[in-house]
Amino acid sequence: MDYKTFPMNPRKRVALVAHDGQKQNLVEWAKFNRETLANHDIWATGTTGGMMEKTLGFPVNKLQSGPLGGDQQIGSMIAEDRLDFLIFFWDPLEPQPHDPDVKALLRMAVVWNIPVACDRATADFIISSPLMNGAYERLVPDYEYYRQRRLPAEAAATPSARRREHLKRRGGDAPAPNPGM
């Protein structure tokens, strides 16, 4: 598989997200790491964004609440290479009405190979890494093959395939496929 590189600047674009049962945990973590976070652009969903802004004392870019589309907004920003790092303290013990959105968000982080921390220990390791404050080239699979693939239904829908199928139904012999078509 081929890969593309996506550069990350020393000033990272960080998303902070927390479920209700984890918001206080994220607030405490952010307060402890305030000096480091101040050197980066911070994005957050709904209520978490307001809490972060109050705790950190600097502007936070606020999106919709997670269940109202904020998780999807963050996922879209990841896919558009507008975020570099996701800190998502989700609550593993409480079912969420928007669990499919949560799964989709985590999937986007993996598809686009951005660092993601779902707990305090992982967030500590990532934010204290020397890579956090330096430039970094992120490798992402080249998905062009995926975008250009032909699905079986599409291949069957080509004019020559439709003609062969039509002739078969009429009882006639279908001509051999012409590779030049």
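All of the points below concern the structure found in this document. This one's a predicted model, so the numbers in the text were calculated from it and none came from an experiment.

**Considering helix H5 (residues 99-111)**
Item 1. Taking 1.5 Å of rise per residue, the 13 residues of H5 would be expected to cover 18 Å, and the 18 Å separating its terminal C-alpha atoms lies within 8% of that figure.
Item 2. Regarding H5, the residues found buried are Asp101, Val102, Leu105, Met108, Ala109 and Val111.
Item 3. In this structure, the buried residues of H5 make contact with helix H4 (70-79), strand S5 (85-89), strand S6 (116-117) and strand S7 (136-141).
Item 4. In the stretch just after H5, asparagine 113 is the one whose phi turns positive, near 55°.

**Things to note about the sheet that holds S6**
Item 1. The sheet built from five strands is open, its strands ordered S4-S3-S2-S5-S6 with parallel pairing. Pairing within the sheet leaves two strands with one partner each, and these edge strands are strand S4 (61-63) and S6.
Item 2. Most of the contacts of H5 go to S5, to which it runs at about 150°, and overall it touches S5 and S6.

**What about the packing of H4 against H5?**
Item 1. Packing of H4 against H5 leaves a shortest axis separation of 9 Å and a crossing angle of 15°. Considered as vectors, H4 and H5 are oriented roughly parallel to each other. Remark: the crossing between H4 and H5 carries left-handed chirality. Along its contact with H4, which presents Asp71, Gln72, Ile74, Gly75, Ile78 and Ala79, the element H5 presents Asp101, Val102, Leu105, Met108 and Ala109.
Item 2. Each residue belonging to the contact of H4 with H5 can be placed in one class, and the counts come to seven nonpolar, two polar and two charged.

**Things to note about the pattern of salt bridges**
Item 1. Counting across every chain of the model gives eleven salt bridges.
Item 2. A salt bridge links lysine 4 to aspartate 142; the nearest nitrogen and oxygen atoms lie 4.0 Å apart. Linking lysine 4 in strand S1 (residues 3-8) with aspartate 142 in the loop between S7 and helix H7 (144-148), this pair joins segments that are 138 residues apart in sequence.
Item 3. Across the pair glutamate 144 and arginine 147 runs a salt bridge, and its minimum N-O distance is 3.5 Å. In this pair, glutamate 144 and arginine 147 both sit in helix H7, three residues apart, roughly one turn of the helix.
Item 4. What makes arginine 147 partly exposed here is its relative accessible area of 48%.
Item 5. Several salt bridges share partner residues, and in doing so they unite Arg13, Asp81, Asp84 and Arg138 into one network.

Conventions adopted
Residues numbered from 1 in each chain as written. Predicted model: local features only at pLDDT ≥ 70, side-chain atom pairs only at ≥ 80, totals over all residues. Heavy atoms only, no water. Helix = DSSP H or I, 4+ residues; strand = E, 2+ residues; numbered from the N terminus. Expected span 1.5 Å × (residues − 1). Buried < 20%, exposed > 50% of the residue type's maximum accessible area, 1.4 Å probe, protein only. Contact = heavy atoms within 4.5 Å. Pairing = 2+ DSSP bridges. Axes fitted to C-alpha atoms, helices over the stretch in contact; angles between N-to-C directions. Parallel < 35°, antiparallel > 145°, perpendicular 65-115°, else oblique. Left-handed = near helix turned anticlockwise from the far one by under 90°. Nonpolar A, V, L, I, M, F, W, Y, C, P; charged D, E, K, R; others polar. Salt bridge = Lys/Arg side-chain N within 4 Å of Asp/Glu carboxyl O.

Purely geometric stuff here, so don't read any function into it on its own.
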